[in-house]
Amino acid sequence: MTTPYLDAERRSAHEAALARAEAANAMLRATRRDRWYPRWHIAAAAGWINDPNGVCFYHDEYHVFFQHHPVDSSWGPMHWGHVSSPDLVHWRRESIALAPSTPEDADGVWSGSCVVGDDGRLYAFYTGQRWRNGVDEAEGNIQVQCLAVSDDGRHFDKLGPVVEVDDRLWHARDPKVWRTGDTWFMIFAVSTLDKRAEVWLYTSDDLLGWTFDRVLYRDPDKSVYMLECPDLFPLGDHWVLLACPMGPRPNGYTGRNGHNNGYVVGDWAPGHDFVPLTGHQVLDWGHNYYAPTTMQTPDGRRLMFGWMGSFVHPIASQVEDGWVGQLAVPRELSLDNDLVLRSVPLTELVRLRSDPVEHGAFVLGLNEDRVVLDDVDAAEIEIEVDLAVTTSDRVGLRLGEAADGSHTFLAWDDLAERVVIDRRLAAHGDRGVRGAPHTGKHLTLRILVDRSSVEVFIDGGRNVVSSLVFPGDGSRRLTLASESGTIAVDALRIWRLGDIGLSA
Ligand code: FRU
């Protein structure tokens, strides 16, 4: 099965493909518009990005790769873009790491993961993508799991396919590799011949030769035909399987995005089946959180990176601004006693804070508006509300409110019993309402705002809502608003958030 190749011709073909990609991206970069370009989220210099890939710690640096189309701001033949960081807070833009250049990845270097081998080299596993008809997905894909290795985390040599499956399968992709004990494991997502979504498990002793172990998971929901970007990792006393279902129908507040995220908690050990302890649960209730992947930090934290974007709806910045898509704030994961996956922003994020403003406890009167920040470009807001005393229908925050009244509405909605993000009055882009449940009489929201996104962590990360939002021209106010009642604010804290080093 293993046919590693490494010859000068293939290396120079890859180098030429990388050079072409860089040149095209530099031209696009020259025309980028920055009104919505993130100050503190990872995004491409220009062009399209989707999934985070190969997140890892290697040679004392953090590396984040991502699905990238450098030529224009639409999805196209995928490359791996690359940024690195000494501290997870400040990032440096690196050259594009992988480009389509071999017969197996002729139509794209798709998602995957990185591990450090026993020889100290960085092993990048990715899906080599080919359209069966050479043009598009109409007749399906030919997808194989490929390997590329690096000595510096920046320059990769492609070693070719390491796992091939029945090529009648429509989808077989997104390898995630890890080690438990002395054995390497790989999972990837498969859509079976009868269109069911499965996650397949392989094992290896040397990262080169791989043996099929078992079907690790089969989605019980027959409407789901694929579980993109699976990840499996231990957390607390259990294992968590992240996977993004394709095909589920909208049901209330779930399944409404073109692409939806989720997880299952279970038990697993090498040589055994994965035993689910929960059903499919929602990871993030917003419009735009997809394809999350995790890594373990040297100090033992499980860190999750996800993509904020959409394949389905045009994104405002795509049209005129020359870039689209960003990675969400890195999130630290933990499992609570109810087997709920909690996620909170990376601890180190506080280093980006400046200009603190503390409002203390106050009551917002009946039908009152209070501007709490004149210009929310990039900011963090923490608000604690006593819902036992609050009588307002909604604890409303108008985000990015422009002179023409356009804004995104973020609220605790007592009628819906949810924390909602409502984009009906947004100046640009896709609309729609999403919302996460909250119970209890004390509400805590930690709200992270960037130039075109908002991420809301509810009750210490028990639920999260993340959405792209594209404000109108001019200053972007943040206004607290009550409706047909009063709001009892226990605390309101605001900081500005600084630049992570990628926006230039
Ligand atoms: C998920 C996904 C992956 C695939 C990649 C292609 O967003 O569709 O399954 O590897 O994006 O860009």
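Residues numbered from 1 in each chain as written. Predicted model: local features only at pLDDT ≥ 70, side-chain atom pairs only at ≥ 80, totals over all residues. Heavy atoms only, no water.

Visitor: What exactly am I supposed to notice about the site of the ligand here?
Guide: Of all residues adjacent to the ligand, which total 13 residues, the nearest are D51, Q67, R173, D174 and E228. Residue R173 places a side-chain N or O atom 2.7 Å away from an oxygen atom belonging to the ligand. Between the ligand and the protein, one listed contact pairs an oxygen atom with a side-chain N or O atom of E228 at 2.7 Å. Out of a free accessible area of 320 Å², the ligand has 97% covered by protein chains. Its atoms largely coinciding with the cavity grid, the ligand occupies the second largest pocket. Going through the elements one at a time, β1 (47–58), β5 (109–116), β9 (171–180) and β13 (226–235) are the ones with two or more residues in the shell around the ligand. Here the shell around the ligand is composed, by residue class, of six nonpolar, three polar and four charged. (Near = heavy atom within 4 Å. Polar contact = N/O pair within 3.5 Å; in protein donor to acceptor, adjacent residues only side chain to side chain. Areas by Shrake-Rupley, 256 points an atom, 1.4 Å probe, with all protein chains shown as cover. 1 Å grid on protein atoms, 1.4 Å probe; cavity = no way out; pocket = protein on both sides within 12 Å on 5 of 7 lines; lining within 4 Å. Sits in = over half its atoms within 2 Å of the grid points. Helix = DSSP H or I, 4+ residues; strand = E, 2+ residues; numbered from the N terminus. Nonpolar A, V, L, I, M, F, W, Y, C, P; charged D, E, K, R; others polar.)

Visitor: So what exactly am I meant to see when it comes to the layout of surface pockets here?
Guide: Empty space left among the atoms is revealed by rolling a probe the size of a water molecule over them. Counted as a void, the largest pocket has a volume near 520 Å³. Around the largest pocket, the lining is made up of 21 residues, and of these C114, V115, W178, M295 and Q296 lie nearest the centre. Taken together, the elements giving at least two residues each to the lining of the largest pocket come down to β1, β5, β9, β13 and β17 (290–296). Each residue belonging to the lining of the largest pocket can be placed in one class, and the counts come to 14 nonpolar, three polar and four charged. Taken as a whole, the second largest pocket holds about 360 Å³ of empty space. Every residue lining the second largest pocket is counted, 19 residues in all, and those nearest its centre are W75, W110, R173, E228 and F311. Of all the secondary structure elements, the ones that give two or more residues to the lining of the second largest pocket are β1, β5, β9 and β13. When residues in the lining of the second largest pocket are grouped by element, the largest group, three residues, is from β9. For the lining of the second largest pocket, a count of residues per class yields nine nonpolar, five polar and five charged. (Points joined across faces, edges and corners; volume = space filled by probe spheres on them.)

Visitor: Please explain the pattern of salt bridges as it appears in this structure.
Guide: It is possible for side chains bearing opposite charge to pair when their charged atoms get close. Counted by the stated rule, this structure contains 46 salt bridges. Where D118 meets R179, a salt bridge forms, and the shortest distance between an N and an O atom there is 3.1 Å. In this pair, D118 is assigned in the loop between β5 and β6 (122–131) and R179 in strand β9, connecting sequence segments 61 residues apart. Residue R179 is classed as partly exposed on the basis of its relative accessible area, which comes to 36%. The salt bridge partner of R121 is D151, with a shortest N-O separation of 2.8 Å. You can see R121 sitting in the loop between β5 and β6 and its partner D151 sitting in the loop between β7 (141–150) and β8 (156–163), a full 30 residues away along the chain. A relative accessible area of 26% places R121 in the partly exposed class. What emerges from the salt-bridge pattern is a single network uniting R353, E358, E380, E382, E384, R446 and R493. (Salt bridge = Lys/Arg side-chain N within 4 Å of Asp/Glu carboxyl O. Buried < 20%, exposed > 50% of the residue type's maximum accessible area, 1.4 Å probe, protein only.)

Visitor: Hey, could you run me through empty space enclosed by the protein in this one?
Guide: Evaluated as defined, the whole model comprises five cavities of 30 Å³ or more. Taken as a whole, the largest cavity spans an internal volume of roughly 120 Å³. At the level of elements, β27 (394–401) and β31 (442–450) are the ones that each hand at least two residues to the lining of the largest cavity. A class-by-class count of the residues in the lining of the largest cavity yields eight nonpolar, five polar and three charged.

Visitor: Whenever I open this one, the sheet that holds strand β4 (residues 92–93) confuses me. Can you help?
Guide: Strand order in the open sheet formed by five strands is β4-β3-β2-β1-β19, and the pairing between neighbours is mixed. With one partner strand each, in any of the chains shown, β4 and β19 (323–324) form the two edges of the open sheet. By the bridge criterion, seven bridges tie strand β2 (residues 61–69) to strand β3 (residues 79–85) in an arrangement that is antiparallel. Residue H63 lies in a different strand from β3, and its bridge partner there is S84. (Pairing = 2+ DSSP bridges.)

Visitor: Sorry, what's going on with the packing of aromatic side chains here?
Guide: Describing an aromatic ring pair means giving the distance of the ring centres and the angle of the ring planes. In total, this model carries 23 aromatic pairs according to the counting rule given. Taken together, a centroid distance of 6.2 Å and an interplanar angle of 80 degrees make the contact between Y217 and F274 edge-to-face. One end of the pair, Y217, is in strand β12 (residues 211–218); the other, F274, is in the loop between β15 (263–267) and β16 (275–276), with 57 residues separating them in the sequence. Ring plane angle 70 degrees and centroid distance 6.3 Å describe the contact between Y290 and W307, whose orientation is recorded as edge-to-face. Residue Y290 is found in strand β17, and its partner W307 is found in strand β18 (residues 302–308); the two are separated by 17 residues along the sequence. By the burial criterion, Y290 is buried, and W307 matches it. The ring of W495 is capped by R353, whose NZ or CZ atom sits 3.7 Å from the centre of that ring. (Phe/Tyr/Trp six-rings, centres within 6.5 Å; stacked < 30°, edge-to-face > 60°. Lys NZ or Arg CZ within 6 Å of the ring centre and 35° of its normal.)

Visitor: Sorry if this is basic, but what is going on with the sheet that holds β27 here?
Guide: Sheets are built from strands that pair by backbone hydrogen bonding, the pairs being arranged parallel or antiparallel. Pairing is antiparallel in the open sheet, where six strands are placed in the order β25-β34-β27-β28-β29-β30. Each edge of the sheet is formed by a strand with only one pairing partner; in this case those strands are β25 (369–373) and β30 (433–437). Averaged over all pairs of adjacent strands, the angle between their axes in this sheet comes to 20 degrees, without regard to strand direction. Where β27 meets strand β34 (residues 477–481), four bridges bridge the pair, whose relative direction is antiparallel. Note on β34: the bridge partner recorded for L397 is L480. (Axes fitted to C-alpha atoms, helices over the stretch in contact; angles between N-to-C directions.)

Visitor: In this structure, what is going on with the nonpolar core? I would like to understand it.
Guide: Across soluble globular proteins, nonpolar side chains show a tendency to be buried alongside one another. If you look at the biggest cluster of nonpolar residues, it comprises 64 residues, and the most contacted ones within it are W40, I42, W91 and L341. Tallying contributions element by element places β18 first for this core, with five residues. Beyond its immediate stretch of four places on either side in the chain, I42 contacts I49, V64, F66, V83, W91, Q326, L327, I500 and L502. In this structure, V372, V376, W412 and L443 belong to the second largest nonpolar core, which totals 34 residues. (Core = buried A, V, L, I, M, F, W, Y, C linked by side-chain atoms within 4.5 Å. Contact = heavy atoms within 4.5 Å.)

Visitor: Would you take a moment to explain unusual backbone geometry for this structure?
Guide: As a rule of thumb, non-glycine residues mostly have phi less than zero, and peptide bonds are mostly trans rather than cis. Positive phi values are uncommon outside glycine, yet H59 reaches one of about 50 degrees. Here H59 shows up in the loop between β1 and β2. Of note, the phi angle at L339 is positive, near 60 degrees, even though the residue is not glycine. Within the element layout of this structure, L339 appears in the loop between β21 (331–335) and β22 (341–345). Under the relative-accessibility criterion, L339 is labelled buried at 17%.

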